[in-house]
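Residue-level listing of the chains:
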Amino acid sequence: MEPSVVISGLVKKFNETTALDYISLAVEKGEIFGFIGPDGAGKTTLFRILTTLLIPDKGEAFVEGFHTVKDYKKIRQIVGYMPGRFSLYQDLSVEENLNFFASIFKTSIKENYHLIKDIYQQIEPFKTRPAGKLSGGMKQKLALSCALIHKPVILFLDEPTTGVDAVSRKEFWDMLGKLKQEGITILVSTPYMDEAGRCDRVALIQEGKILSVDTPGGIVKSYANPLLALKSANMYQLLFDVLEYSGTVRAYRSGEYIHAAVKKNTKQEENIKVFLAGKGHEQLVVKAIIANVEDSFMALMKIAPTLMTT
Ligand code: ADP
């Protein structure tokens, strides 16, 4: 089967900034494909090219077999796009926004109601409220309903969960799972590495380059160093001290722990404990753990990992 999206050597520059630096990959039909990377990685630029809103400087891309520049009109009919920043009309009500997007595509809420039902039902009680007066999670549901109302075969969701609370984030990913079952291909970007596990495959993107494309399981499998989770009464100082330890390859905060990748050596756990106790750390916990997707991404990143959201 022909892939849903084919990206071949895309380059896009804005003056001195190279937003995309020879990006190539393919997304299969029916996949939930995640682009994960920090602010400024190039995710929005890539989505704008794929949804025909920007023209690349070099390279080309195809969406459902259509060329993003030559066949832009055809692509616009079949894609749903939820831009990063809230794109709805703030003064129009929930229902008016949805009607507006339906009418652009010469359809009606009624015609495709089944597709948005699960999502829209949650905001329908507020259908007369202006979109600008909705909570973050409700805005996100309305924006997704608007992106779906013309029954797209492929969806582009640019950071749909940024600034949304943890419960709404989870609900949102559950909704995407249902849309996948409808056969819709979904490309989604996010700065949250913990969302990688909800995707079939992910691309890690940084400074306009793809660092890795794999399944979440495949990414974890390729992790090279032993990994320790550490905690003490003084977490701030602990990070500095862990970084000073000679066996540390990299260390960063992850939830209530510090994760430290260490050089292969069976005694690392004991040795680092002695080293940190010598630095005066109390209530010290050191335990060996198995790397998750976030740890694997940290290993691939080139810049300060604190720039990523964990
Ligand atoms: P992301 O979506 O991952 O945050 P973007 O695609 O928005 O990344 O941006 C990639 C880089 O390109 C950033 O350095 C950004 O400042 C720059 N950029 C994006 N759009 C423009 C623009 N219209 N003019 C100038 N620079 C831009």
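Just above sits the structure.
Scope of this entry: the structure provided in the associated data block. Note that the structure is a prediction, hence the values are computed from the model and not measured. Residue positions are given per chain, counting from 1 as you read along its sequence in written order. In keeping with the predicted nature of the model, local features appear solely for residues at pLDDT of at least 70, side-chain atom pairs appear and are counted solely at 80 or more, and the whole-chain, interface and lining totals rest on all residues.

### Some words on the overall build of the protein chain
Of the regular secondary structure elements, the protein chain holds 10 helices and 14 strands. Each of the three principal axes of the protein chain carries a C-alpha extent, and together these read 70 × 45 × 40 Å. Counting over 310 residues, the protein chain shows a buried share of 41%. Secondary structure elements are defined from DSSP: runs of H or I of at least 4 residues count as helices, runs of E of at least 2 residues count as strands, and each element is numbered from the N terminus. For the exposure call, what matters is how many other C-beta atoms sit within 10 Å of a residue's own: 20 or more marks it buried, 12 or fewer exposed, and in between partly exposed, using C-beta atoms placed from the backbone.

### Points about the pairing of strand S3 (residues 32–36)
Across the five residues of S3, five count as buried, placing the element largely inside the fold. In S3, alternate side chains face the same way, and those of Ile32, Gly34 and Ile36 on one face and Phe33 and Phe35 on the other are all buried. Here S3 pairs with strand S8 (residues 185–190) via five bridges, running parallel. Across the sheet, Ile32 pairs through a bridge with Ile186, a residue of S8. Pairing of S3 with strand S9 (residues 201–206) involves four bridges; the strand directions are parallel. Of the residues in S9, the one forming a bridge with Phe35 is Ala203. Between any two strands, pairing holds if DSSP finds at least two bridges.

### Observations concerning the environment of Gln90
Structurally, the position occupied by Gln90 is in the loop between strand S6 (79–82) and helix H3 (94–104). Spatially, the C-alpha atoms of Gln90 and Arg129 are 9.8 Å apart, while their sequence positions differ by 39 residues. In this description, a residue-residue contact is defined by the distance between C-beta atoms placed from the backbone, which must lie within 7 Å. Residues contacting Gln90, with those up to four places away along its chain left out, are Pro130, Ala131 and Gly132.

### Side note on helix H10 (residues 293–300)
It helps to recall that an α-helix has 3.6 residues per turn; residues three or four apart then point in one direction. Of all eight residues in H10, seven are buried, a share of seventy percent or more. Among all positions of H10, only Val293, Glu294, Asp295, Ser296, Phe297, Met298 and Ala299 are buried. Contacts from the buried residues of H10 go to S3, S9, helix H7 (216–221), strand S11 (227–231), strand S12 (248–254) and strand S13 (257–262).

### Some points on the site of the ligand
By nearness alone, every residue bordering the ligand is listed as Phe14, Thr17, Ala19, Gly37, Asp39, Gly40, Ala41, Gly42, Lys43, Thr44 and Thr45. For the shell around the ligand, the secondary-structure elements that each account for two or more residues are strand S2 (17–27) and helix H1 (43–50). Per-element tally for the shell around the ligand: the top contributor is H1, with three residues. Nonpolar residues are Ala, Val, Leu, Ile, Met, Phe, Trp, Tyr, Cys and Pro. Charged residues are Asp, Glu, Lys and Arg, and all others, Gly as well, are polar. Split into classes, the residues belonging to the shell around the ligand amount to three nonpolar, six polar and two charged. Placing a C-beta atom from the backbone of each residue, we mark the residue near a molecule or strand if the atom is within 6 Å of it.

### Overview of the packing of H3 against helix H5 (residues 136–148)
When two helices pack together, their arrangement is given by the angle between their axes and by how far apart the axes lie. The angle between two axes is taken between their N-to-C directions and runs from 0 to 180 degrees, where each axis is a line fitted to C-alpha atoms and a helix contributes only its stretch in contact. Two numbers describe how H3 lies on H5: the axes approach to 8 Å, and their chain directions differ by 25°. When the interaxial angle is binned, H3 and H5 end up roughly parallel. Note that H3 runs across H5; the crossing there is right-handed. Residue-level contacts link Val94, Asn97, Leu98 and Phe101 of H3 to Leu142, Ser145 and Cys146 of H5. Its residues assigned to classes, the contact of H3 with H5 comprises five nonpolar, two polar and no charged. Should an angle fall under 35 degrees it is called roughly parallel, over 145 degrees roughly antiparallel, and 65 to 115 degrees roughly perpendicular, with every other angle called oblique. Each crossing gets its hand from how the near helix is turned against the far one by less than a right angle, where anticlockwise is left-handed and clockwise is right-handed.

### Some thoughts on the sheet that holds S12
Hydrogen bonds between backbone atoms are what pair the strands of a sheet, whose relative direction is either parallel or antiparallel. Spatially, S12-S13-S11-S14 is the arrangement adopted by the four strands of the open sheet, whose pairing is antiparallel. On the outer flanks of this sheet lie S12 and strand S14 (285–289), each paired with one strand and no other. Between one strand and the next, the sheet's axes are offset by a mean angle of 25°, whatever the strand orientation. Here S12 runs beside S13; their pairing, made up of six bridges, is antiparallel. Each residue of the ladder has a partner; that of Arg250, found in S13, is Ala261. Along the sheet face, helix H8 (residues 235–244) touches S11, S12 and S13 and points at about 165° away from the line of S12. Where helix H9 (residues 268–278) meets the sheet, its contacts fall on S11, S13 and S14, and the angle it forms with S14 comes to roughly 160°.

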